[in-house]
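# Overview (structure and organization)
Below are the chains, spelled out letter by letter.
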Amino acid sequence: MTQINKQLDHLYHRSRIDAHITGMIVLVVLMAILSLTIGPKFAPFKVGAKLLEPVRFVWVEVEQDWVTEYALVQTGTFPPIGNKGNIDIREVYPKVVSLVLFIGVMAVSAFIYKCARRQTRLMNQIYVDDPERPYFRSWSEIRITFWALNFVLLFVMMLMFFL
């Protein structure tokens, strides 16, 4: 392999690693934006949320709590009597949607992690025998970036589910 081919291969693999890091950052930012905008619709741990069908919650000012619309209709107190102003009704997605979103995001994160690990190995193998490598960064140094991003991603996902 000629020196120019080595340099081109090395630059290619290094650029792929940078692209994977950028992809993880974009994933974290996208999930943070979704968490802040439509996060309240993902509430799998809210009392009354159902596994396979959406549930509508109504804010009851007297109790200072969200109560399912179904429960209020059953007791004959819908719309809530003590509420002043407009009725605040929010629909919560089924628990399955939250589970699928969580598994999907974690699968994408794992895929990006594995791709970056492979690209790092390929990048470092090009100049394995050369004592003066142009750029050498071991996987143990690069993976810290991914661990930090995955930690932030988990925090954002839990923020989305528990708000």
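Structural notes, computed from the coordinates. These numbers were taken from a predicted model, which means no experiment stands behind them.

With that settled, the discussion passes to the overall build of the chain. Counting its secondary structure elements, the chain contains four helices and three strands. Going from the N terminus to the C terminus, the chain shows its helices and strands as α-β-β-α-β-α-α. Over its C-alpha atoms the chain spans a radius of gyration of 24 Å, topping by over 25% the 15 Å that the globule rule assigns to 163 residues. Expressed as lengths along the three principal axes of its C-alpha atoms, the size of the chain is roughly 80 × 25 × 20 Å. Classification of the 163 residues of the chain by burial places 32% in the buried group. Total accessible area on the chain stands at roughly 10,500 Å², and carbon and sulfur atoms take up 64% of it. Of the charged side chains in the chain, 17 are positive and 13 negative; the average position of the first set lies 5 Å away from that of the second.

Tallied over the full model, the rule gives eight aromatic pairs. An angle of 65 degrees between the planes, with centres 5.0 Å apart, marks the rings of phenylalanine 42 and tyrosine 93 as edge-to-face. Of the two residues, phenylalanine 42 is situated in the loop between α1 (3-38) and β1 (55-60) and tyrosine 93 in the loop between β3 (89-92) and α3 (95-126); the sequence distance between them amounts to 51 residues. For phenylalanine 42, a relative accessible area of 6% translates into the label buried. Aromatic ring contacts, followed pair by pair, group Phe42, Tyr93, Phe102 and Phe161 into a single cluster. Stacked on the ring of phenylalanine 57, the Lys or Arg lysine 46 has its end atom at 5.0 Å from the ring centre. When the ring centre of tyrosine 70 is taken as reference, the NZ or CZ atom of lysine 50 above it lies at 5.8 Å.

About the criteria used
Residues numbered from 1 in each chain as written. Predicted model: local features only at pLDDT ≥ 70, side-chain atom pairs only at ≥ 80, totals over all residues. Heavy atoms only, no water. Helix = DSSP H or I, 4+ residues; strand = E, 2+ residues; numbered from the N terminus. Rg over C-alpha atoms; globule rule 2.2 N^0.38 Å. Buried < 20%, exposed > 50% of the residue type's maximum accessible area, 1.4 Å probe, protein only. Areas by Shrake-Rupley, 256 points an atom, 1.4 Å probe, with all protein chains shown as cover. Lys, Arg positive; Asp, Glu negative; His and termini not counted. Charge placed at Lys NZ, Arg CZ, Asp CG, Glu CD. Phe/Tyr/Trp six-rings, centres within 6.5 Å; stacked < 30°, edge-to-face > 60°. Lys NZ or Arg CZ within 6 Å of the ring centre and 35° of its normal.

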